[in-house]
Amino acid sequence: MIYLDHAAATPVDKRVLEAMMPYFADDFFNPSAAYLPAKKVASDYETAKATIAHAIGAKASDLVITAGATEANNLAFTSLNPLSRVLYLITEHDSVRRVAERLGGEAVSVLPNGLIDLDDLKRKITDETELISVALVNNELGTIQPLAEVAQIIREVKIDRMKRGIRRQLLLHSDASQALNLLDVSVARLGVDLMTLNSAKVYGPKGVGALYVSHDAKLSPLTVGGGQENGLRSGTENVPGVIGFAKAVELAHEHLNGNRKKYASWRKTLLSELDGYELINKKHAVDNFVTICYDGIDAERLVFLLEEQGVYVATGAACAASKGVRSHVLAAIGLSESQITGSLRLTLGETNDEAQIHETARVINRVVEAEKARIQRIES
Ligand code: PLP
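This structure is a prediction, so every number in the text was calculated from the model and none was measured.

The rules behind each value
- Position numbers for residues count from 1 along each chain, tracking the sequence in the order it is written.
- A pLDDT threshold of at least 70 governs which residues receive local features in this predicted model, and a stricter bar of 80 or more applies before side-chain atom pairs are shown or counted, although totals over entire chains, interfaces and linings include all residues.
- To obtain the side-chain values, all non-hydrogen atoms of the structure were included, while hydrogens and water were left out.
- Helix and strand assignments come from DSSP, with helices taken as H or I runs of at least 4 residues and strands as E runs of at least 2, each series counted from the N terminus.
- We take the radius of gyration over the C-alpha atoms and set the globule estimate at 2.2 Å times the residue count to the 0.38 power.
- The contact rule is simple, with two residues in contact once any of their heavy atoms fall within 4.5 Å.
- Surface accessibility follows the Shrake-Rupley procedure with a 1.4 Å probe radius. Residue values consider only the protein chains on display as shielding.
- Only four residue types enter the charge count: Lys and Arg as positive, Asp and Glu as negative, with His and the chain ends excluded.
- Here the site of a charge means atom NZ of a Lys, CZ of an Arg, CG of an Asp or CD of a Glu.
- Using only the protein atoms, space was sampled on a 1 Å grid; points where a 1.4 Å probe fits but cannot get out form cavities, open sets with protein on both sides within 12 Å along at least five of seven lines form pockets, and lining residues are those with an atom within 4 Å of a point.
- Grid points are joined across faces, edges and corners, and a volume is the space filled by probe spheres set on the points.
- When residues are sorted by character, Ala, Val, Leu, Ile, Met, Phe, Trp, Tyr, Cys and Pro go into the nonpolar class, Asp, Glu, Lys and Arg into the charged class, and all the rest, Gly among them, into the polar class.
- Relative accessibility decides the category of a residue: with a 1.4 Å probe and only protein chains considered, values under 20% of the type maximum give buried, values over 50% give exposed, and everything between is partly exposed.
- Throughout this description, a polar contact denotes any pair of N or O atoms lying within 3.5 Å of each other; where both atoms belong to protein, one of them has to be capable of donating a hydrogen while the other can accept it, and for residues adjacent in sequence the pair is counted only when both atoms sit in side chains.
- DSSP bridges decide pairing: two strands pair if at least two such bridges lie between them.
- Between the N-to-C directions of two axes lies an angle of 0 to 180 degrees, each axis being a line fitted to C-alpha atoms and, for a helix, fitted only over the stretch in contact.
- Nearness is defined per residue: one heavy atom within 4 Å of the molecule or strand is enough.
- One side-chain nitrogen of Lys or Arg within 4 Å of one carboxyl oxygen of Asp or Glu is enough to make a salt bridge.
- Remark: nonpolar core denotes a set of buried residues (Ala, Val, Leu, Ile, Met, Phe, Trp, Tyr, Cys) joined through side-chain atoms within 4.5 Å.
- Segmentation into domains, and thus their bounds, comes from an automatic or database assignment.
- When two components associate, each loses some accessible surface as probed by a 1.4 Å sphere; the sum of these losses over both components is called the buried area.

Section: the overall build of the chain
Each helix and strand in the chain was counted, giving 15 helices and twelve strands. The C-alpha radius of gyration of the chain comes to 22 Å, within 12% of the 21 Å expected for a compact globule of 380 residues. When the backbone C-alpha atoms are referred to their principal axes, the chain occupies close to 75 × 60 × 35 Å. Of the contacts formed within the chain by residues at least 6 apart in sequence, a portion of 69% connects residues at least 24 apart. Of the roughly 16800 Å² of accessible surface on the chain, a fraction of 54% belongs to carbon and sulfur atoms. Computing the positive centroid from 42 side-chain charges and the negative centroid from 48, the chain places the two 3 Å apart.

So this is what it looks like as C-alpha cells:
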C-alpha cells in the first residue's frame, strides 16, 4: 500500500504511542483528584501542554485543549459579541466555514494562486468586524497564507478605530491544523490572537486539538461543567491524548527542516515523472501537498482505480469527498467544472519513501493512460 493522503489522517507515531501508554491503565488518575498520584498526572498534563504551547511560542495557560480542531475552531468564534461581524477566507475548512456562515459571516476571496486577496479583505472590514479567520495552511492545496500581512492590516484598522473612538475588538484567528508538520509556527510572529492546532495531522492521536487564546480574546465555553481548562472546556482531561499530542509536536519540531527538504525533493521527483497533468498548487504551498489535474478525466474514478493498484489518494478534503460535494476550494481559485472533476490531491508523509514516489508516478501514469483510452473508445 502506498498512502498519499496524510492531510486526511496521519498514523500515530510509535514513539507517540509509547509515550501515551502509561496514562491509560497505570497513571489513569483524574488530574483534579487530591491524592499524590493524581497530582503527578496533573503535573505531567501541564508539562505536555507547555510542550505544545512552546512549539508556537506560547505558555501552557494560553491553550485550551479540545477534542480536535473542529471544536477548537467552533470555540474561537465564541469570541464574537452580539451585532458584530465576522470575515473568513472562502477556502476555509468546513469547521470554520459552517460556523462563520451560521453567524452571518462574509467570505473573503482568494486569488487564482490560492492566496488571500488582501484588497478584498480591506474592502470588507467594517467598523462592526470583530473576527477574521484565515487558515495558515489550506487543507486542499497546502497554500500558506501571509498571516503576518493580514495581521498588519488588522493593526492599521485598530489604530484607525482608536483615533475615531471605536472600541470594538478585532481579532485574527487561524486554523493551523495542517501547519505544524512543516512550518515553524510562532503566534507572535504571525500576529494571531486565536490559533487552532490539531494532533491528528502531526502523527498524534485523533480527537485531540488545542486553541491558542491570547490575552486580548475573551471566549465563552461551548459546554459547561467541572470548569477544566480555565472554565472554557469542562470535562475530565484527555491525559493520554495530550501526552501523545505533546510528543508528536516535539517530534515534528525536531524534524521540521529535514522533512521539508525530503518532501520538496519527493514532490519534484513526482512532478517530473508524472505525465500529462496540470499542476494546480504551483506556488506558495507546503512541500508535501501535490494537487494535480487531469482535465477531462473523472478523478473520483481515478481514486477508485488507484486504490485497486494499492495507491491511496484523495480528490479533496476527506469530509467533502465522503459526501460527494464539489470542492469549494478549487472553485474559489477559479478552476472550471471539468478541472475540478479531474483534480487529485496527493499529500506526502512519513509512511512514504523514495521508492514509493517512483512507483506512484508509474502507477498513476498507467492508470491515467488506460482511463484516457477507455474514454476514447466510448467517444468513438
Ligand atoms: N481544519 C483543517 C484545516 C483540517 O484539515 C481538519 C481536518 O481535516 C479540521 C480542521 C478538522 O479536524 P478534526 O476532524 O480533527 O476536528
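Considerations on empty space enclosed by the protein
Per the counting criterion, the structure on display carries one cavity of 30 Å³ or more. Taken together, His6, Ala7, Thr10, Gln178, Asn181, Leu182, Lys201, Tyr203, Val286, Asn288 and Phe289 make up the full set of residues lining the largest cavity. The residue makeup of the lining of the largest cavity, split by class, is five nonpolar, five polar and one charged.

Here we look at the side chain of Thr347
In this structure, Thr347 sits in strand 12 (residues 343-347). With relative accessibility at 0%, the residue Thr347 sits in the buried group. Within the structure, Thr347 has its side chain in polar contact with the backbone nitrogen of His6 (distance 2.9 Å). In this structure Thr347 touches Leu4, Asp5, His6, Ala7, Asn288 and Phe289, once residues within four positions along its chain are discounted.

Overview of the sheet that holds strand 8 (residues 209-213)
Spatially, seven strands are ordered 2-8-7-6-5-3-4 in an open sheet, and the strand pairing comes out mixed. Taken across any chain shown, the strands that pair with only one partner, and hence form the sheet edges, are strand 2 (63-66) and strand 4 (106-108). Adjacent strand axes in the sheet meet at a mean angle of 20°, parallel and antiparallel pairs treated alike. The pairing of strand 2 with strand 8 spans four bridges and is antiparallel. Following the sheet pairing, Ile65 is matched in strand 8 by Ala210.

Side note on the site of the ligand
Looking at the ligand, the residues that line it are Gly68, Ala69, Thr70, Asn73, His93, Ser95, Asn139, Asp175, Ser177, Gln178, Asn198 and Lys201. Side-chain polar atom of Thr70 to an oxygen atom of the ligand: 2.7 Å apart, as the coordinates give it. Lys201 is positioned such that a nitrogen or oxygen atom in its side chain is 2.8 Å from an oxygen atom of the ligand. Examining the composition of the shell around the ligand, we find that three residues originate from one element, helix 4 (residues 69-76), more than from any other. Class assignment for the residues of the shell around the ligand results in one nonpolar, nine polar and two charged.

A short note on the pattern of salt bridges
Tallied over the entire structure, the rule returns 19 salt bridges. When the shortest N-O distance is used, the salt bridge between Glu71 and Arg233 registers 2.8 Å. Highlighted residues: Glu71 in helix 4 and Arg233 in the loop between strand 8 and helix 9 (239-254), separated in sequence by 162 residues. By relative accessible area, which is 18% here, Glu71 ends up buried. By relative accessible area, Arg233 is classed as partly exposed at 21%. In this structure, Glu371 and Arg301 form a salt bridge, with 2.8 Å as the shortest nitrogen-oxygen distance. Of this pair, Glu371 sits in helix 15 (residues 354-379) while Arg301 sits in helix 11 (residues 299-308); the two residues are 70 residues apart in sequence, bridging distant segments of the chain. Assessed through its relative accessible area of 3%, Glu371 is described here as buried. If you follow the salt bridges from partner to partner, you end up with Asp94, Arg97, Arg98 and Glu101 in one network.

Observations regarding helix 5 (residues 94-102)
All buried positions along helix 5 are accounted for by Asp94, Ser95, Val96, Arg97, Val99 and Ala100. Residues of helix 5 that are buried in the fold lie against helix 4, strand 3 (85-89), strand 5 (129-133), strand 6 (171-175) and helix 13 (328-332). Backbone geometry just downstream of helix 5 places Gly104 in the positive-phi region, at approximately 75°.

Considering the nonpolar core
If you look at the biggest cluster of nonpolar residues, it comprises 97 residues, and the most contacted ones within it are Ile56, Leu121, Ile132, Met195 and Leu344. The biggest single contributor to this core is helix 9, with eight residues. In this view, Met195 contacts Ile56, His173, Ser174, Ala176, Val185, Val187, Leu190, Ala210, Leu211 and Tyr212; residues no more than four positions away in its chain are not counted. Among the nonpolar cores identified, the runner-up in size contains 20 residues, and Ala72, Phe77, Val96 and Val99 belong to it.

Some words on the domain arrangement of the chain
The assigned domain composition of the chain is domain 1 (2-10 + 256-379) and domain 2 (14-254). Taking the mean C-alpha position of each, domain 1 and domain 2 sit 28 Å from one another. Contacts between the two partners involve 31 residues from domain 1, matched on the other side by 35 residues from domain 2. Taken together, the two surfaces of domain 1 and domain 2 that pack against each other cover about 2600 Å², and 57% of this comes from carbon and sulfur. Across the domain 1-domain 2 interface, the total number found is zero salt bridges. Counting every contact that joins domain 1 to domain 2 gives 17 residue pairs in polar contact (both at pLDDT 80 or more). A per-class count over the side of domain 1 that touches domain 2 returns 15 nonpolar, eleven polar and five charged.

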